Amino acid sequence: SIPFYNPAVASVLDLPFPPEQVSLADLRARGVLGLRADGSPYPLDEQPLARALTGRTPVSDVVYLRSADGALQPFTMTSLPFFNPDGELIGVGNYVTSARAP
């Protein structure tokens, strides 16, 4: 699940703000996770989160999210895995920023 998100993500994805816990299944059902520029699905095993976990290293890539009005918007997603001293996964931070030119 995604326990928090910022106002920018909330406005793009038409999510409530202040944040409420949102499941990944709900976001997938909205069609807002992991799209390519042409709107096709971005396979889960190729997305930054999966690659970061597999490689045990930070990974960044551009992903597209479908806004409430149906438009695709580019975002840079960085997935940063955290491990304890024994090498066990503690969690993953996913940082999403607009990929549009300022």
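See the structure shown above.
**A short note on the overall build of the protein**
Logical step 1: Each helix and strand counted, the protein has three helices and three strands in total.
Logical step 2: Moving toward the C terminus, one meets the helices and strands of the protein in the order α-α-α-β-β-β.
Logical step 3: Expressed as a percentage of the 102 residues in the protein, the buried residues total 25%.
Logical step 4: Within the protein, contacts between residues separated by at least 24 positions form 29% of all contacts whose residues are at least 6 apart in sequence.
Logical step 5: Summed over all atoms, the accessible surface of the protein reaches about 6300 Å², with 57% contributed by carbon and sulfur.

**Some words on the environment of asparagine 84**
Logical step 1: Mapped onto the secondary structure, asparagine 84 falls in the loop between strand E2 (72–83) and strand E3 (89–98).
Logical step 2: Classification of asparagine 84 as partly exposed rests on a relative accessible area of 21%.
Logical step 3: There is a polar contact of 2.8 Å between the side chain of asparagine 84 and the backbone nitrogen of aspartate 86.

**Focus: the side chain of serine 79**
Logical step 1: The topology assignment puts serine 79 in strand E2.
Logical step 2: We classify serine 79 as buried; its relative accessible area is 0%.
Logical step 3: There is a polar contact of 2.5 Å between the side chain of serine 79 and the side chain of asparagine 94.
Logical step 4: In contact with serine 79, not counting residues within four places along its chain, are Pro48, Leu49, Ala52, Thr57, Pro58, Val59, Val92, Gly93 and Asn94.

Rules behind the numbers
- Residues numbered from 1 in each chain as written.
- Predicted model: local features only at pLDDT ≥ 70, side-chain atom pairs only at ≥ 80, totals over all residues.
- Heavy atoms only, no water.
- Helix = DSSP H or I, 4+ residues; strand = E, 2+ residues; numbered from the N terminus.
- Buried < 20%, exposed > 50% of the residue type's maximum accessible area, 1.4 Å probe, protein only.
- Contact = heavy atoms within 4.5 Å.
- Areas by Shrake-Rupley, 256 points an atom, 1.4 Å probe, with all protein chains shown as cover.
- Polar contact = N/O pair within 3.5 Å; in protein donor to acceptor, adjacent residues only side chain to side chain.

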